[in-house]
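# Chain and residue survey
The primary structure of each chain is shown beneath.
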Amino acid sequence: MLRRILNKAVRYEKFTRNYSDTQTKIRNIKDGPNLQEFLVAGRNLPKVGTEDDSYLSSLDFYGNNRKVFIETYGCQMNVSDTEIVWSILKKNGYDKTENIQEADAALLMTCAIREGAEIKIWNRLKHISAMKANRSKRRPRLQVGILGCMAERLKTKVLEEEKSVDIVCGPDAYKDLPRLLALTRDGKNAAVNVLLSLDETYADVTPVRLDENSVSAFVSIMRGCDNMCSYCIVPFTRGRERSRPIPSIEEEVRKLAEEGIKEITLLGQNVNSYRDTQTKPSQNASQIAKGFRTVYKNKEGGARFGELLARIAEAVPEVRIRFTSPHPKDFPDEFLTTINNYPNICKSLHLPAQSGSTTVLERMRRGYTREAYLELIDHVRSIIPNVSLSSDFICGFCGETDEEFEDTISLMEKVKYNVAFLFPYSMREKTTAHRRMQDDVPEEVKKQRVIRMVDTFRAGALEQNQKLIGGTELILIEGASKRSEKEFQGRTDGNIKVIIPSLELNDTKSSQKRKFKPGDYVSVKITDANSQVLKGTPIEITSIKEFYRNEKISQVASV
């Protein structure tokens, strides 16, 4: 008995001492990464050790069915990261809840790409802080955590601004969450891990899908970005580029197909610069597109994105493959040919232009001119004639004149995108633009320019969509239409939404009639179109292989 008491006393002394040490270390953490820290990518930073949690046992890391609530903000990569976090927490004995009122911990997966995204999160934190303060003493305290890009960008500043936050965890530290939750469980301390990694890809973590009823899924294949565009915070919040090995991606994709998933989107900050250095390429390494350049030296060796696409397309031939987000520089001919050769690789390409002005593109450090971008567009369409194009555009970047903005409008008019994501510029700390330029375009001017871009895009998208009227498209049914239970919605290969009535159709597999359901591929004759949505008449329930075989037969017959 005496030995037990002494052991408890020693453990409590370590507990108190280490909490104090941890508080001191948190106060000494730097405000955030600068350019030099990004370039060394953590080589001189200490690894997360166990000296601060020596008083904790493995049982302390276990959740004991404590309930965790997670809200996700931002891009598809954040959705994928949330699925990784759920996998890690579930393995460590935590339960998921959709009700924050019954949660023991509330975690926010955050975005830092624009100021507006962070404002939403700060407002949400105020609400959660009030909820935490009003909890009854008889209920367990609520732990609050900030995860992801905003955590990485602000680091300990989050703790200074919002005292209710217990945990700050960056994108490369999710495996440390059980420890961080254990350290902060009693509310006497906050815990931070925002170390970026040179090799963490979470390849050994099987994500837990957020929506088990969805027919589509995300698969993260690489993390980080090396492009260093002058306006972009991503390299500072996500770190250097590193890719998952092809075998681990193939395994995840096959498993998803076995679970009934019919569409997979491959994710990465710069997805088509994927380079698996652990797999020997079957052909020479691909090169960047003609007329484009990078801020880094050409990377030799490793299997590239085109080879990954081909292997996945062959592994799951009845699953649609999409990918985002790419950079226009990484579209060599062999890559485009691979896309065109496989019917289950969607002919929907995201080519983010950001601006139509060569001088603005130079200030953005995008690595190409207006002319090179337009030449790439023509080249893509020559190899993939029925390609659907989407893009990102920023208006009001530092120093953008009326003439430079008109170049953006004229480029949009010339290309005529099917989908576009349009934003006013938002200055982000630690970027090249923040250090060297001035955000000198008035907010009112930015708002007016966004409206012009939206109007221009919609006119072009309407023209592109109207070209599809009278043709037949293969639709993946996603679910019931939001406006009517008698209608269903799905998407074309080109990622355009289609609304169709619910009917009994012939199923080419069984040769019997039935009503289609989410996850079915349905051939549809397009009858109407606007700038955002198509409408059509369903013909039959089919498969990718059968649809494109019939399409080839009909094309030959028409000739």
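It should be noted that the structure appears before, not after, this text.
## Regarding the overall build of the chain
A tally of helices and strands in the chain yields 18 helices and 23 strands. Within the chain, the fraction of its 559 residues that count as buried is 54%. Within the structure as shown, the chain displays about 26,500 Å² of accessible surface, and the carbon and sulfur contribution to it stands at 49%.

## Observations regarding the sheet that holds strand β2 (residues 95-96)
Taking strand neighbours across the sheet as the criterion, the six strands line up as β2-β1-β3-β4-β5-β6 in an open arrangement whose pairing is parallel. The open sheet has two edge strands with one neighbour each: β2 and β6 (191-193). By the bridge criterion, two bridges tie strand β1 (residues 67-72) to β2 in an arrangement that is parallel. When the bridges of β2 are listed, Val68 appears paired with Lys96. Contacts from helix α4 (residues 76-91) reach β1, β2, β3 (105-110) and β4 (143-148), with the element oriented near 170 degrees to β1.

## Considerations on the packing of helix α15 (residues 402-415) against helix α17 (residues 443-466)
Where α15 meets α17, the axes come as close as 9 Å, and the angle between the chain directions of the two elements is 20 degrees. By the angle between their axes, α15 is roughly parallel relative to α17. Taken as a pair, α15 and α17 cross one another with a handedness that is right-handed. Counting all contacts with α15, which are made through Asp402, Phe405, Glu406, Thr408, Ile409, Met412 and Glu413, the residues of α17 involved are Arg449, Arg452, Met453, Thr456 and Phe457. Of the residues in the contact of α15 with α17, the class split is five nonpolar, two polar and five charged.

## A word on the sheet that holds strand β7 (residues 216-220)
Here we have three strands laid out as an open sheet, ordered β7-β10-β13, and parallel in their pairing. The sheet is open, and its two borders are formed by β7 and β13 (320-324), each paired with just one other strand. Along the sheet, successive strands turn relative to each other by an average axial angle of 25 degrees, direction set aside. In terms of strand pairing, β7 meets strand β10 (residues 263-267) through five bridges, oriented parallel. Each residue of the ladder has a partner; that of Ser216, found in β10, is Glu263. Each of β7, β10 and β13 touches α4; the most contacted strand, β7, lies at about 85 degrees to it. This element, helix α10 (residues 246-258), spans β7 and β10 of the sheet and lies at about 170 degrees to β7.

## Considering the environment of Phe405
Structurally, Phe405 is set in helix α15. Distance from Phe405 to Ser355, taken between C-alpha atoms, is 7.8 Å for residues 50 residues apart in sequence. Residues in contact with Phe405, not counting those within four places in the same chain, are Cys395, Glu400, Arg449, Arg452 and Met453.

## Considerations on the pattern of salt bridges
Per the counting criterion, the structure on display carries 33 salt bridges. Salt-bridge contacts for Glu102 lead to Lys67; the nearest nitrogen and oxygen are separated by 3.8 Å. Here Glu102, found in the loop between β2 and β3, pairs with Lys67, found in strand β1; they are 35 residues apart in sequence, far enough to count as distant. Lys67 gets classed as partly exposed once you look at its relative accessible area, which sits at 32%. Overlapping salt bridges, with partners in common, bring together Asp81, Asp172, Arg223, Arg238 and Arg242 in one network.

## A few points about the packing of aromatic side chains
Scanning all chains against the criterion turns up 12 aromatic pairs. Ring geometry for Tyr231 and Phe397: centres 6.3 Å apart, planes at 80 degrees, overall edge-to-face. Note that Tyr231 is positioned in the loop between β8 (222-223) and α9 (234-238) and Phe397 in the loop between β15 (388-395) and α15, a separation of 166 residues in sequence. Here the two residues Tyr231 and Phe397 agree in accessibility, since each one is buried. Taken together, the ring pairs in this structure connect Phe305, Phe323, Phe331 and Phe335 into an aromatic cluster. The lysine or arginine in question, Arg114, covers the ring of Phe423, its NZ or CZ lying 3.7 Å from the ring centre.

## Concerning the state of the cysteines
In the structure shown here, the tally under the stated rule is zero disulfides. The thiol sulfur of Cys229 is not disulfide-bonded, and the nearest other cysteine sulfur, from Cys232, lies at 6.2 Å. With relative accessibility at 8%, the residue Cys229 sits in the buried group.

## Some points on the nonpolar core
The biggest cluster of nonpolar side chains holds 61 residues, and the ones touching the most others in it are Ile221, Leu266, Phe305 and Leu349. Per-element tally for this core: the top contributor is helix α14 (residues 370-383), with seven residues. Among all residues touching Leu266, those that are not within four sequence positions of it are Val219, Ile221, Val271, Phe305, Leu309, Ile312, Ile321, Arg322, Phe323 and Thr324. Ranked by size, the runner-up nonpolar core spans 25 residues in total, among them Phe69, Ile100, Ile128 and Leu154.

## Here we look at the environment of Cys111
Considering the arrangement of structural elements, one finds Cys111 in the loop between β3 and α5 (115-133). Using a relative accessible area of 11% as the deciding quantity, one classes Cys111 as buried. Ignoring any residue separated from it by four or fewer positions in sequence, one finds Cys111 in contact with Tyr73, Gly74, Asn78, Ala117, Glu118, Ile121, Cys149 and Met150.

## Quick notes on α5
Along an α-helix, residues three or four apart share an orientation, since each turn contains 3.6 residues. Here α5 contains 19 residues, and its C-alpha end-to-end distance of 27 Å stays within 8% of the 27 Å for a straight helix at 1.5 Å per residue. Of all the positions in α5, only Glu118, Ile121, Arg124, Leu125, Ile128, Ser129, Met131 and Lys132 are classed as buried. All buried residues of α5 fall inside an arc of 155 degrees around its axis, so they share one side. The outward face of α5, more than 90 degrees from its buried face, is lined by the exposed residues Lys120, Lys126 and Ala133. Buried residues along α5 sit against β1, β3, β4 and α6 (149-154).

Calculation notes
- Residues numbered from 1 in each chain as written.
- Predicted model: local features only at pLDDT ≥ 70, side-chain atom pairs only at ≥ 80, totals over all residues.
- Heavy atoms only, no water.
- Helix = DSSP H or I, 4+ residues; strand = E, 2+ residues; numbered from the N terminus.
- Buried < 20%, exposed > 50% of the residue type's maximum accessible area, 1.4 Å probe, protein only.
- Areas by Shrake-Rupley, 256 points an atom, 1.4 Å probe, with all protein chains shown as cover.
- Pairing = 2+ DSSP bridges.
- Contact = heavy atoms within 4.5 Å.
- Axes fitted to C-alpha atoms, helices over the stretch in contact; angles between N-to-C directions.
- Parallel < 35°, antiparallel > 145°, perpendicular 65-115°, else oblique.
- Left-handed = near helix turned anticlockwise from the far one by under 90°.
- Nonpolar A, V, L, I, M, F, W, Y, C, P; charged D, E, K, R; others polar.
- Salt bridge = Lys/Arg side-chain N within 4 Å of Asp/Glu carboxyl O.
- Phe/Tyr/Trp six-rings, centres within 6.5 Å; stacked < 30°, edge-to-face > 60°.
- Lys NZ or Arg CZ within 6 Å of the ring centre and 35° of its normal.
- Disulfide = S-S within 2.5 Å.
- Core = buried A, V, L, I, M, F, W, Y, C linked by side-chain atoms within 4.5 Å.
- Expected span 1.5 Å × (residues − 1).
- Arc of directions from axis to C-beta.

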